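Chain and residue survey
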Amino acid sequence: MEVPSNSVQSVAIDGYETWVESRRFTVYKVLIKTAAQTWFVFRRYNEFSALQVDIKKAGHTPPKLPRKRLVGNNFDTSFIVHRMNKLATFLFEVFSNQEVRELTPVREFLALNDARKAVKVIDEKVDISEFKPDGASVSDGIWE
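Residues numbered from 1 in each chain as written. Predicted model: local features only at pLDDT ≥ 70, side-chain atom pairs only at ≥ 80, totals over all residues. Heavy atoms only, no water.

Considerations on helix H1 (residues 45–57)
Rule in force here: Strands are runs of DSSP state E lasting at least 2 residues, helices are runs of H or I lasting at least 4, and numbering of each runs from the N terminus. Here the expected span of a helix is defined as 1.5 Å times the quantity of residues minus one. Burial classes follow relative accessibility: with a 1.4 Å probe on protein chains only, a residue under 20% of its type's maximum area counts as buried, one over 50% as exposed, and anything between as partly exposed. Think of the arc as the fan of directions from the helix axis to the C-beta atoms.
Between the first and last C-alpha of H1 there are 19 Å, a value that for 13 residues agrees with the 18 Å anticipated at 1.5 Å per step. Regarding H1, the residues found buried are Tyr45, Phe48, Leu51 and Ile55. Buried residues of H1 fall within an arc of 115° about the axis and therefore sit on the same side. Following H1 by one or two positions, Gly59 has its phi on the positive side, about 95°.

Considering the packing of aromatic side chains
For clarity, the threshold we go by: The criterion for an aromatic pair is that two Phe, Tyr or Trp rings (for Trp, the six-membered ring) have centres within 6.5 Å, with stacked assigned to planes under 30 degrees apart, edge-to-face to planes over 60 apart and tilted to the rest. Put simply, a charge is over a ring when the Lys NZ or the Arg CZ is close to the ring centre, within 6 Å, and near the line of the ring normal, within 35 degrees.
As enumerated under the stated definition, the model contains 6 aromatic pairs in all. Seen from their ring centres, Tyr28 and Phe48 are 6.4 Å apart, and the 85° between their planes marks the pair as edge-to-face. Separated by 20 residues along the polypeptide, Tyr28 in strand S2 (residues 24–34) and Phe48 in helix H1 bring together distant segments of the chain. Each member of the pair, Tyr28 as well as Phe48, is classed as buried. When the ring of Phe40 is compared with that of Phe42, the centres are 5.5 Å apart and the planes differ by 80°; the resulting orientation is edge-to-face. The same class applies to Phe40 and to Phe42, which are both buried. Taken together, the ring pairs in this structure connect Trp19, Phe25, Phe40 and Phe42 into an aromatic cluster. A cation over a ring is seen here: Arg24 above Phe75, with NZ or CZ 3.8 Å from the ring centre.

Topic: the environment of Leu91
The condition is simple: We call two residues contacting when some pair of their heavy atoms lies within 4.5 Å.
Among the structural elements, Leu91 can be located in helix H2 (residues 77–96). On the accessibility criterion, Leu91 (4% relative accessible area) is buried. Remark: the alpha-carbon pair of Leu91 and Val11, spanning 80 residues in sequence, is separated by 7.1 Å. Sequence-distant contacts of Leu91, that is, excluding residues within four places in its chain, are made with Val11, Ile13, Val30, Phe48 and Phe109.

As for the nonpolar core
Test applied: As used in this record, nonpolar core signifies buried Ala, Val, Leu, Ile, Met, Phe, Trp, Tyr and Cys residues forming a set joined through side-chain atoms within 4.5 Å.
Core analysis: the largest hydrophobic core is formed by 31 residues, its most contacted members being Phe48 and Leu110. Sorting the residues of this core by element identifies strand S1 (8–20), S2, strand S3 (38–44), H1, H2 and helix H4 (104–109) as the ones contributing at least two each. Among the elements that line this core, the one with the most residues is H2, at 9 residues. Sequence-distant contacts of Leu110, that is, excluding residues within four places in its chain, are made with Val11, Val30, Ile32, Trp39, Arg43 and Phe95. Formed by 5 residues, the second largest nonpolar core is a distinct cluster that contains Phe25, Leu31, Phe40 and Phe42.

Digging into the confidence of the model for the chain
Basically, it comes down to this: Per-residue confidence from the prediction method is given by pLDDT, with values spanning 0 to 100.
For the chain, the average pLDDT comes to 82, and 78% of its residues sit at 70 or higher. Taken element by element, the predicted model of the chain shows its lowest mean pLDDT in strand S6 (residues 142–143) (38) and its highest in H1 (97). With pLDDT under 50 throughout, residues 124–132 is counted as low confidence; its partners more than four residues away or in other chains account for 17 contacts. With pLDDT under 50 throughout, residues 137–144 is counted as low confidence; its partners more than four residues away or in other chains account for 22 contacts.

Describing the pattern of salt bridges
Heads up, the condition is: When a carboxyl oxygen of Asp or Glu lies within 4 Å of a side-chain nitrogen of Lys or Arg, that pair is called a salt bridge.
In this structure the tally under the stated criterion is 3 salt bridges. Lys29 serves as the salt-bridge partner of Asp14, at 3.5 Å between the closest nitrogen and oxygen. With Asp14 in strand S1 and Lys29 in strand S2, this pair connects stretches of sequence that are 15 residues apart. In this structure, Arg43 and Glu47 form a salt bridge, with 3.9 Å as the shortest nitrogen-oxygen distance.

Next up, the structure:
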C-alpha cells in the first residue's frame, strides 16, 4: 500500500531501543502519522546517515546530522537522548521540504512506498505532539 507523502501529517521519533545481534547497537523508533493510520519503523544512525547522502546525491542540501561519537560510551543514556533529539530535528527539516520528502530514499526510509514494511501499524490515534523537535510548533497535530 503506497502512501502519498502529502497525506503524512507528522513524523517523530518516539524513543529508542538497544538491540543485540552480532553486536550491540541502538535503533530509533520513527513514528509516521496520517489521518488514516499511524505506524513506526526502527532506524539505526547509519540509516539516517545514508539518507543524508541520498538527499545530497539528489541535488539537495541535506540537514545536518549529529556527529558520530568516536570516543566514549555510545550507549550512555544522555548521549542517546541528545542524538535522538538531533535526529528528530533532522527528520523535521527533511519532511518540511516538499521536494525532498517526495524523494524515493525518503519515502523508503519512512515506509511510504509500502506501509506493510513498517514494524507495526497502530490502529488507535496517537498524540505525538510530545515528540516534536525543538523549535517546531504544533498546530492541529501537524508540525510547523
